[in-house]
Amino acid sequence: MVQEGRSSALRKKHRAHFARSKPSCHICGGPIDYSLKWPDPMCFVVDHLVAIANGGSDQLSNKAASHNHCNSKKRARVYAPIIRRSGTLE
Ligand SMILES: [Zn+2]
């Protein structure tokens, strides 16, 4: 289950913030081409520093810009134990 859609207006605002300030990827440190569109692996996605599923907030202070592919690599690592804990794999 993906916990999203709680505040799409807020997400849009935060995406616009990153698209304006154009920070580098917080995971690999490389520059992001903000003109690329999803699902390009190098496109920009908003990453939660502490995953919502882990009690992270949906505020800008808990968000950072990352490449799509960096984010999915991180997600695969971070989310695996959560799935186990929730009992889905038991
Ligand atoms: Zn990256």
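Position numbers for residues count from 1 along each chain, tracking the sequence in the order it is written. Thresholds applied to this predicted model are a pLDDT of at least 70 for local features of residues and 80 or more for the giving and counting of side-chain atom pairs; totals over whole chains, interfaces and linings are not thresholded and use all residues.

Undergrad: So what's going on with the environment of Phe44? Residues and values would help.
TA: Among the structural elements, Phe44 can be located in strand S1 (residues 44-48). With 24 C-beta atoms packed within 10 Å, Phe44 lands in the buried category. A C-alpha to C-alpha distance of 5.8 Å links Phe44 and Asn68, two positions 24 residues apart in sequence. We call two residues in contact when the distance between their C-beta atoms, placed using the backbone, is within 7 Å. Residues in contact with Phe44, not counting those within four places in the same chain, are Phe18, Ile32, Tyr34 and Ala65. We count a stretch as a helix when DSSP gives it H or I for four or more residues in a row; a strand needs E for two or more, and each element gets its number in order from the N terminus. Here a residue counts as buried when 20 or more other C-beta atoms sit within 10 Å of its C-beta, as exposed when there are 12 or fewer, and as partly exposed otherwise, the C-beta atoms being derived from the backbone.

Undergrad: An account of the environment of Cys28 is needed here, citing residue identities and associated values.
TA: Along the polypeptide, Cys28 turns up in the loop between helix H1 (8-21) and S1. C-alpha of Cys28 to C-alpha of Ser66: the two residues are 38 residues apart in sequence and 8.0 Å apart in space.

Undergrad: Tell me what's going on with H1, and back it up with residues and numbers.
TA: Every α-helical turn comprises 3.6 residues, leaving residues that sit three or four positions apart pointing alike. Taking 1.5 Å of rise per residue, 14 residues should cover 20 Å, and H1 covers 20 Å from first to last C-alpha, within 8% of that figure. Sparse coverage of H1 is indicated by the burial of one of its 14 residues. Lys22 lies just past H1 and shows a positive phi near 45 degrees. To estimate how far a helix should extend, the number of its residues minus one is multiplied by 1.5 Å.

Undergrad: Could you give an account of the pairing of strand S2 (residues 63-67), with specific residues and numbers?
TA: When you tally the buried positions in S2, you get four out of five residues, the bulk of the element. Strand pairing follows a simple DSSP-based rule, namely that at least 2 bridges must link the two strands. As paired elements, S1 and S2 share five bridges and run antiparallel to each other. Within S2, the position partnered with Asp47 by the bridge is Ala64.

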